[in-house]
Amino acid sequence: MSTDLTTPGPPRALPRVLSGIQPTADSFHLGNYLGAVRNWVAMQDDYDAYYMVVDLHAITVEHDPQALRRRTRVSAAQLLAAGLEPQRCALFAQSHVPEHAQLAWVMSCLTGFGEASRMTQFKDKSAKHGVGAASVGLFTYPILMVADVLLYQAGFVPVGEDQRQHLELTRDLAQRFNTRYGKAFTVPEPYIIKDTAKIMDLQDPTSKMSKSASSPGGILELLDDPKVNAKKIKSAVTDTEREIRFDEENKPGVANLLRIYAALGERTIPELERDYEGKGYGDLKKDLADLVTETFQPFKERTEEILADTGKLDAILAEGAEKAREVASRTLAEVYDKIGFLSK
């Protein structure tokens, strides 16, 4: 009989991940859920996860202060209703962690004007109202995003195609600081979720579902009355054919409905094509409307339940901010020391 005299080592630290969502609407839409939120829930198991409601980013354009306060709570409540658990992640409001703004100033002093000028989101957003009407905050918005990531020494950042440029800026500035002043930052890698469903506008299935771009009939808001969303699905644009098959180029409306069904029902698109062989668009739309109701009615009720106790919700956010500041304050202290600021 042998005796194992080895002792287990310390538990291996989980890789850290960070992501955030803006509180710029009264409800998440289906694209938010399938493209980001659902994956955040799953990542709690395998990552040291930090999730924030990015209210600092929300004031880069004109806003209503009361709406911002309400929407910040609504966003946090929806994240909890979707399955985020305070014991398994840090959930907080960005403005509760002042280190975000403090590090953003340092990183802005490392960023070239030309670099900031090339950011496509500033170009897109300022084009709507003219560069003259755009705020300096909107211009430096990507640098605040850089600070968001670098504060937590996040090894991975979940990104879609529209965020790749911002992550490249983050990597460039982290490497620039580390080279110039000494290593202070983890250089993050993109976390690309291969199976994320790209959800399109129900009325314009060639465009992405978006709160800022979609028409009211083209967007499914998770906190809407289920009857409203059912009506939108049944009114979704399809085509003049009858065959239910996945063909993004020639049948983008039907392809979008199949993609939504597959993502929510955890089915494959070929399975759905077989199931609906010989059936019409009305059958597909009815079944999808039922699935959306079945999925999001409990989500809506849970969100409302959480919002009914704002004291408890605010306490969860305060606890998350305290956890976040434990990490953020250490990073900022090291940055301040390396850059030459006097210690307190």
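Residues numbered from 1 in each chain as written. Predicted model: local features only at pLDDT ≥ 70, side-chain atom pairs only at ≥ 80, totals over all residues. Heavy atoms only, no water.

1. Description of the UniProt feature "binding site: L-tryptophan" (unreviewed entry) in the protein chain
UniProt annotation of "binding site: L-tryptophan" (unreviewed entry) refers to Asp148 when read in the numbering used here. Excluding residues within four positions of it along the chain, aspartate 148 makes contact with Leu18, Met52, His57, Gln94 and His100. A polar contact of 2.7 Å, which involves the side chain of aspartate 148, links it to the side chain of histidine 100. (UniProt positions renumbered as here; feature names shortened; annotations may be inferred. Contact = heavy atoms within 4.5 Å. Polar contact = N/O pair within 3.5 Å; in protein donor to acceptor, adjacent residues only side chain to side chain.)

2. Describing the environment of leucine 151
Secondary-structure assignment places leucine 151 in helix H7 (residues 136-151). Taking the relative accessible area as the measure of exposure, leucine 151 reaches 0% and is therefore buried. Remark: the alpha-carbon pair of leucine 151 and alanine 324, spanning 173 residues in sequence, is separated by 9.2 Å. Setting aside its immediate chain neighbours within four residues, leucine 151 contacts Glu99, His100, Leu103, Val327, Ala328 and Thr331. (Helix = DSSP H or I, 4+ residues; strand = E, 2+ residues; numbered from the N terminus. Buried < 20%, exposed > 50% of the residue type's maximum accessible area, 1.4 Å probe, protein only.)

3. Quick look at the environment of glutamate 301
Here glutamate 301 lies in helix H12 (residues 281-307). On the basis of relative accessibility, which here comes to 43%, the residue glutamate 301 falls in the partly exposed class. C-alpha of glutamate 301 to C-alpha of alanine 81: the two residues are 220 residues apart in sequence and 8.7 Å apart in space. Side chain to side chain, glutamate 301 and glutamine 297 meet in a polar contact 2.9 Å long.

4. Describing the side chain of asparagine 256
Along the chain, asparagine 256 falls in helix H10 (residues 252-265). By relative accessible area, asparagine 256 is classed as buried at 1%. Apart from the residues within four sequence positions on either side, asparagine 256 is in contact with Lys198, Ile199, Met200, Asp201 and Leu202.

5. Concerning the packing of aromatic side chains
Scanning the entire structure with this criterion turns up 11 aromatic pairs. On the numbers, 5.2 Å between centres and 40° between planes, the contact of phenylalanine 113 with phenylalanine 139 is tilted. Highlighted residues: phenylalanine 113 in helix H5 (residues 113-117) and phenylalanine 139 in helix H7, separated in sequence by 26 residues. Given the relative accessible area of 15%, phenylalanine 139 is considered buried. The rings of Tyr33, Phe296 and Phe299 are connected pair by pair, giving a single aromatic cluster. Above the plane of the ring of tyrosine 276 lies lysine 279, whose end atom (NZ or CZ) is 5.3 Å from the centre. Lying across the ring of tyrosine 50, lysine 323 places its NZ or CZ 5.9 Å from the centre. (Phe/Tyr/Trp six-rings, centres within 6.5 Å; stacked < 30°, edge-to-face > 60°. Lys NZ or Arg CZ within 6 Å of the ring centre and 35° of its normal.)

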